[in-house]
Amino acid sequence: MDPMDRSRAFLRDVKRLVIKVRTAVVTRSDGRLALGRLGALCEQIKELNSQEYEVILVSSGAVGIGRQRLRYRKLVNSSFADLQKPQVDLDGKACAAVGQNSLMALYDTLLSQLEVTSAQLLVTDNDFRDKDFRRQLSDTVKSLLALKVIPIFNANDAVSTRKAPYEDSSGIFWDNDSLAALLALELKADLLVLLSDVDGLYSGPPSDPHSKLIHTYVKERHQGEITFGDKSRVGRGGMTAKVKAATGAAYAGIPVVITSGYTPGNILKVLKGDRIGTLFHQDAHLWAPQKDDGARDMAVAARESSRRLQAISSQERRKILLDIADALEANEKLISTENEADVAEAQQSGYEKALVSRLAMKPGKISSLANSIRTLANMEDPIGHVLKRTEVSDGLVLEKTSSPLGVLLIVFESRPDALVQIASLAIRSGNGLLLKGGKEARRSNAILHKVITGAIPESIGGTLIGLVTSREEIPDLLKLDDVIDLVIPRGSNKLVSQIKNSTKIPVLGHADGICHVYVDKSADLEMAKRIVLDAKVDYPAACNAMETLLVHKDLVQTGGLNELVVNLRIEGVTLNGGPRASSLLNIPEARTFHHEYNSLACTLEIVDDVLDAIDHIHQHGSAHTDCIVTEDREVAEVFLRQVDSAAVFHNASTRFSDGARFGLGAEVGISTSRIHARGPVGVEGLLTTRWILRGSGQVVDGDKGVVYPHRDIEIES
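Labelled according to an unreviewed UniProt entry, the protein chain appears under the name Delta-1-pyrroline-5-carboxylate synthase, originating from Cucumis melo. The record held by UniProt for the protein chain lists under Function (unreviewed entry) the comment "P5CS plays a key role in proline biosynthesis, leading to osmoregulation in plants."

(A) Highlighting the packing of helix α15 (residues 332–348) against helix α19 (residues 442–454). Two elements in contact, α15 and α19, have axes separated by 7 Å at closest approach and are oriented at 160°. Put simply, α15 runs roughly antiparallel to α19. Two packed elements cross with a definite hand, and for α15 against α19 that hand is left-handed. Taking contact as the criterion, the partners of Leu334, Ile335, Glu338, Asn339, Ala341, Asp342 and Glu345 in α15 are, on α19, Arg442, Arg443, Ser444, Ile447 and Leu448. Its residues assigned to classes, the contact of α15 with α19 shows five nonpolar, two polar and five charged.

(B) Representation of the domain arrangement of the protein chain within the structure. According to the domain assignment, the protein chain contains domain 1 (6–287), domain 2 (295–501) and domain 3 (515–667). Averaged C-alpha coordinates put domain 2 and domain 3 at centres separated by 32 Å. Tallying the contact residues gives nine residues for domain 2 and eight residues for domain 3. Together domain 2 and domain 3 conceal approximately 790 Å² of surface at their shared face, both sides included; 54% is due to carbon and sulfur atoms. Sorting the residues of domain 2 by area buried against domain 3 places Arg358, Gln421 and Leu425 first, and these three jointly supply 40% of that buried surface. For the pair domain 2 and domain 3, the number of links is zero salt bridges. Taken together, the links from domain 2 to domain 3 amount to zero residue pairs in polar contact (both at pLDDT 80 or more). Going through the elements one at a time, α16 (353–359), α17 (365–377) and α18 (417–429) are the ones with two or more residues in the side of domain 2 that touches domain 3.

(C) Structural view of the sheet that holds strand β14 (residues 486–490). Taken in spatial order, the four strands line up as β13-β12-β11-β14 in an open sheet, and their pairing is parallel. Across the chains shown, the open sheet's two edge strands, defined by having one partner strand only, are β13 (465–467) and β14. The mean angle between the axes of side-by-side strands here comes to 15°, regardless of whether they run parallel or antiparallel. Direction of pairing for strand β11 (residues 407–412) relative to β14: parallel, over a ladder of five bridges. Pairing of Leu408 across the sheet is with Leu486, part of β14. In the packing of helix α13 (residues 295–311) onto the sheet, contacts are made with β11, β12 (432–436) and β13, and the angle to β12 comes to roughly 140°. Sheet strands in contact with α18 are β11, β12, β13 and β14, and its direction is about 165° off that of β12.

(D) View of the pairing of strand β9 (residues 386–393). Most of β9 is tucked away, with six of its eight residues classed as buried. Note that β9 and strand β10 (residues 396–404) share six bridges and pair antiparallel. Pairing of Ser393 across the sheet is with Leu396, part of β10. The hairpin turn running from β9 into β10, its antiparallel successor, is two residues long, and Gly395 in that turn takes a positive phi close to 75°.

(E) Fine view of helix α8 (residues 176–186). Across the 11 residues that make up α8, a large majority, 10, are buried. What α8 keeps buried is the set Asn176, Asp177, Ser178, Leu179, Ala180, Ala181, Leu182, Leu183, Ala184 and Glu186. Downstream of α8 by one or two residues, Lys188 has phi in the positive range, about 55°.

(F) Broad picture of the packing of helix α3 (residues 35–50) against helix α6 (residues 92–113). Running from amino to carboxyl end, α3 crosses α6 at an angle of 55°, the nearest separation of the two axes being 10 Å. Accordingly, the angle class assigned to the pair α3 and α6 is oblique. The handedness of the crossing between α3 and α6 comes out as right-handed. Residues Leu35, Leu38, Gly39, Leu41, Cys42 and Ile45 of α3 lie in contact with α6, whose contacting residues are Leu106, Tyr107, Leu110 and Leu111.

(G) Main features of the sheet that holds strand β20 (residues 647–650). Across the sheet, which stays open at both edges, the six strands sit in the order β17-β18-β16-β15-β19-β20 with parallel pairing between neighbours. Two strands close off the open sheet at either side, each with one partner strand: β17 (574–577) and β20. Mean inter-strand twist for the sheet, computed between neighbouring axes without regard to direction, equals 20°. Helix-sheet contacts for helix α22 (residues 525–537) involve β15 (515–519), β16 (546–552), β18 (601–607) and β19 (625–629), and the interaxial angle to β16 is about 160°. The sheet strands contacting helix α27 (residues 633–642) are β15, β19 and β20, and the helix crosses β20 at an angle near 170°.

How each quantity is defined
- Residues numbered from 1 in each chain as written.
- Predicted model: local features only at pLDDT ≥ 70, side-chain atom pairs only at ≥ 80, totals over all residues.
- Heavy atoms only, no water.
- UniProt positions renumbered as here; feature names shortened; annotations may be inferred.
- Axes fitted to C-alpha atoms, helices over the stretch in contact; angles between N-to-C directions.
- Helix = DSSP H or I, 4+ residues; strand = E, 2+ residues; numbered from the N terminus.
- Parallel < 35°, antiparallel > 145°, perpendicular 65-115°, else oblique.
- Left-handed = near helix turned anticlockwise from the far one by under 90°.
- Contact = heavy atoms within 4.5 Å.
- Nonpolar A, V, L, I, M, F, W, Y, C, P; charged D, E, K, R; others polar.
- Domains from an automatic or database assignment.
- Buried area = accessible area lost by both parts, 1.4 Å probe.
- Salt bridge = Lys/Arg side-chain N within 4 Å of Asp/Glu carboxyl O.
- Polar contact = N/O pair within 3.5 Å; in protein donor to acceptor, adjacent residues only side chain to side chain.
- Pairing = 2+ DSSP bridges.
- Buried < 20%, exposed > 50% of the residue type's maximum accessible area, 1.4 Å probe, protein only.

As structure tokens, then:
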């Protein structure tokens, strides 16, 4: 049997179905009742009833209808003086109480005209805690259905203790979508139909012309690809809530179809087996053709696209970046919506504050990213840049030129803005790219990837930048040392270590950001306080934030140490000490000096001199970024020459260790390795070199009579 036919074959056995009607279906945009749609729905129910289907209806809309009626009543009963006062929104529970009565009266009237009897059942989440209630509910519904009566359910928002607007801690149900899914399970339905104001589930917001209708939802494939628009204008959760309810019901054994309640006859079409709406089924992964061609095909496609990117002109590559910057700004609202959903979910899941901080894209971030991309676009083209030109022999000229690495695999956590920076750097440097972000930023990464690839011309192909949506694909990708040229992990020490131990592909990056600030005895104390505070407080979650403060022992006697400590404590920084500092200052002793806090906390230790500070950094640091604050130039030079870190600063905050601040346009990460790029990695770190030899028929022939002057030829600027 064809997979498409098999996916609808179960409909032949459907007898009992639950239909859930969205608020936007029963009301118009102005909040008034949509009588035409309600009438068409009731006619379908009549037809289903006559065909011996057992129909259970779950209808939203009570709060909206009640609010419309109460606003009118309030207006009629208000004096002119009342109308001049600030208008306070109406109490939702009062609206629900009025609306429930009105909504049911309307259904009863319409169904009665069609000679169908209906019954109202109002429930709250607390009702379902009682086993006797659930048993009685099932018996009552069974009796009603036997009499061909239509049970109409609604969440009793007038008395419900649920916490708006979304899910509360009970987890029983939190809106009418989840109520419909719960009832489908409780009442042993054969099908759940969720009527929406769109044709089904799309790969992105339905208003986006690039979004495609998903006919069969496969959780393993689609959950990381779908992006949602704004929540419902009138209901609780919009499409996000529907997908959650549909997925839960489908994986519990109840097939679900999301389809439009605007189109007449859609429920009847679904039951006939028409391929409309989006189907959720526990066996969907067996029916739907697999879109993903595997890790190798994804990597090969990125390489092919990168070669097409390299073949176009510098101006054409520049235009792609400018188009991406414009697309990001044009979609700022949509990106913010998805990012806010990620942040909310991360907070509800109890993620650490540092991770949530890195996850959030604050106001102005999109504009900042877009401007960084424009800066990158306006930089000199790095591809094909002649680094050295040599006359090897008479008439034989050799050029050393810059060239893309090929295909990059970037595995990163938390920060969705990293996706934008990495993608723009890859395009500028002519590289193909595979991206795997953390699950906590799933929605943000998906929408950013969609916006960016949507701005890439078809002649290059969106496959230039592949988004890896499953952790299970990473081991396969790490085996592709013949296709992928460089892996850059951005995340925890554990993540970096796992990747280094799992691949033959070169790995570029840093495991930890244990950055030090050493305050020497000759430091300008006011300058030192500014630098120390900035290094710790400006953005504590960043890898270039100060994690250890080293202070010269003489500052204990002069009071400098005390001033530094007071300044940090005023800013809310928690201090842990090394053996000397903890004893002197009576602060908790740090478990280890090699600890990255990523928060408003740091380790403090007292050292004898600059050489002692250097020894401490080499023993406990991560070779990321280290700073000395001193007015003694000789001491500063000793520190700058001897500290073996990727970035070493004198009288400047460690927070300057950043690709954008270094003038690289953006950064793909910070490397502490000693091969290839080191420190903030921009475009140049994503390039290698090629040799181009131009001759006029020369041959080696055993080097007989060949002279090799190896004369350098000046490169024209």
